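Fold and contact review
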Amino acid sequence: MSDETPGTVYLVGSGPGDPGLLTVRARDLLSEADVVLHDKLPGPEILDLVPEDRREDVGKRAGGERTPQAETNSRLVDHARAGRDVVRLKGGDPFVFGRGGEEMEHLAREGVPFEVVPGVTSAVGAPGVAGVPVTHRDHASAVTVVTGHEDPEKDDSALDWTALAALVDAGGTLVVLMGVGHLPDYAAALRDAGLPADLPLAVVERGTWPDHRTVVGTLETAVETRDEADVEPPAVVVIGEVAATRERVVEQLGGRGGDGGADGG
Ligand code: SAH
């Protein structure tokens, strides 16, 4: 270790993408930090707040593969040991599927001072702005947030989709992150587990970004809905009765949730 006083690493959530949804703390840190390590998820408007010479992209590299987590971890430590204050900027909340937990543990092991700055998670905020409340007194008394990144057919899948279907059946909402690619697989798994064909489903693409879109369908039409709208990541999939709420409110819905998006449906 050098004699230099180490900098601090701030594990900061950016919220879903609208700069207006940054916390005050996040905005202050973005303007003060010596360097900001990020991927693409915070979205263009938030990244544009940081001058290019203070940004380091640790997301996808040319060729499509990601910067290995070990490299991100060591860059954080190296910057701090060189005396720099670092913002590690993550989409949504840093501890909701953002590998923030791993980074925090690494910093602790290395003796680097850090602070956690929560953000509005897309799991709740993206549907919310689009008029889909993840809980509702009349329709949902629980909400479960899962990753759709795993193939439900795989034996080593960490998720039990039959158990998740039971949660929805008991009056819960299922929110799937990273769930665009495997939508056909888990929609089928949930149907096989007995959930009804007409169960409402909403997909919020690039929620709160200027070009956000929301499409609503059912568990049965989910794949068609995704393909017709050509939905791409990042998108949140909401499964449960609450997904039908949007249609009852969309005409009055303002901000970045209404029909203002490219194809808001
Ligand atoms: N930490 C993030 C989630 C990281 S995992 C959070 O709390 O929001 C990445 C997934 O987040 C994406 O695949 C997508 O499912 C979701 N996501 C992030 N930003 C989004 C946005 N603006 N609109 C829709 N989905 C978003």
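As a starting point, this report considers the structure included with it. Since this is a predicted model, take the numbers as computed values, not measurements. (Residues numbered from 1 in each chain as written. Predicted model: local features only at pLDDT ≥ 70, side-chain atom pairs only at ≥ 80, totals over all residues. Heavy atoms only, no water.)

**Some words on empty space enclosed by the protein**
Here the structure, examined in full by the defined rule, presents 1 cavity of 30 Å³ or more. As a volume, the largest cavity reaches approximately 30 Å³. Ala126, Val129, Ala130, Val204, Gly207, Thr208, His212, Thr214, Arg256 and Gly257 are the residues that line the largest cavity. (1 Å grid on protein atoms, 1.4 Å probe; cavity = no way out; pocket = protein on both sides within 12 Å on 5 of 7 lines; lining within 4 Å. Points joined across faces, edges and corners; volume = space filled by probe spheres on them.)

**Topic: the sheet that holds strand E3 (residues 55-57)**
Ordered in space as E3-E2-E4-E1-E5, the 5 strands form an open sheet in which the pairing is parallel. Of all strands in the sheet, those bounded by a partner on one side alone are E3 and strand E5 (114-117). Between one strand axis and the next, the sheet turns through 20 degrees on average, direction left out of account. With 4 bridges joining them, strand E1 (residues 9-13) and E5 adopt parallel strand pairing. Paired with Leu11 across the two strands is Val116, which belongs to E5. (Pairing = 2+ DSSP bridges. Helix = DSSP H or I, 4+ residues; strand = E, 2+ residues; numbered from the N terminus. Axes fitted to C-alpha atoms, helices over the stretch in contact; angles between N-to-C directions.)

**Focus on helix H6 (residues 161-169)**
For H6, the set of buried residues is Trp161, Leu164, Ala165 and Val168. The buried side chains of H6 occupy one side of the element, clustering within an arc of 105 degrees when seen end-on. Exposed side of H6, more than 90 degrees from the buried face: Thr162 and Asp169 are the residues found there. The secondary structure elements touched by the buried residues of H6 are strand E6 (142-147), strand E7 (172-177) and helix H7 (183-192). The N-capping residue of H6, defined by a side-chain oxygen 3.1 Å from the backbone nitrogen of Thr162, is Asp160. One or two positions beyond H6, positive phi appears at Gly171, with a value near 100 degrees. (Buried < 20%, exposed > 50% of the residue type's maximum accessible area, 1.4 Å probe, protein only. Arc of directions from axis to C-beta. Contact = heavy atoms within 4.5 Å. Polar contact = N/O pair within 3.5 Å; in protein donor to acceptor, adjacent residues only side chain to side chain.)

**A few points about the pattern of salt bridges**
Side chains that differ in charge, positive against negative, can pair when their charged atoms come close. A complete count under the given rule lists 15 salt bridges for this structure. For the salt bridge of Glu103 with Lys90, the shortest nitrogen-to-oxygen distance reads 3.3 Å. With Glu103 in helix H4 (residues 100-109) and Lys90 in strand E4 (residues 86-90), this pair connects stretches of sequence that are 13 residues apart. Of the two residues, Glu103 and Lys90, neither departs from the other in class, the shared state being buried. Salt bridges here are not isolated pairs; linked through shared partners, they connect Glu205, Arg206, Asp211 and Arg213. (Salt bridge = Lys/Arg side-chain N within 4 Å of Asp/Glu carboxyl O.)

**Some thoughts on a nonpolar patch on the surface**
A surface patch of nonpolar side chains, amounting to about 310 Å² of accessible area, comprises Phe97, Val143, Val145 and Met178. Along the chain, the position of Met178 falls in the loop between E7 and H7. (Patch = residues over 30% accessible without salt bridge, like charges linked within 9 Å, V, L, I, M, F, W, Y side chains within 5 Å. Areas by Shrake-Rupley, 256 points an atom, 1.4 Å probe, with all protein chains shown as cover.)

**Structural notes on the site of the ligand**
Neighbouring the ligand are 18 residues; Val96, Thr121, Ser122, Gly207 and Ala235 lie closest to it. One of the side-chain N or O atoms of Trp209 is found 3.3 Å from a nitrogen atom in the ligand. Across the complex, the protein chains shield 94% of the 540 Å² of accessible surface that the ligand would expose by itself. When atoms are counted within 2 Å of each cavity's grid points, the one that captures over half of the ligand is the largest pocket. Tallied by class, the residues present in the shell around the ligand amount to 11 nonpolar, 5 polar and 2 charged. Counting contributing residues, the shell around the ligand receives three or more from each of domain 1 (9-120) and domain 2 (123-252). (Near = heavy atom within 4 Å. Sits in = over half its atoms within 2 Å of the grid points. Nonpolar A, V, L, I, M, F, W, Y, C, P; charged D, E, K, R; others polar. Domains from an automatic or database assignment.)

**Thoughts on the environment of Arg81**
Of note, Arg81 is situated in helix H3 (residues 69-81). Since its relative accessible area comes to 25%, Arg81 is described here as partly exposed. Once the C-alpha coordinates of Arg81 and Gly128 are considered, the two residues, 47 residues apart in sequence, prove to be 40 Å apart.

**Some details on the pairing of E4**
Among the 5 residues in E4, 5 count as buried, and that is most of the element. In terms of strand pairing, E1 meets E4 through 5 bridges, oriented parallel. Each residue of the ladder has a partner; that of Val9, found in E4, is Val86. Bridge count for strand E2 (residues 35-38) against E4 is 3 bridges, and the pairing is parallel. Bridging from a neighbouring strand, Leu37 pairs with Arg88 of E4.

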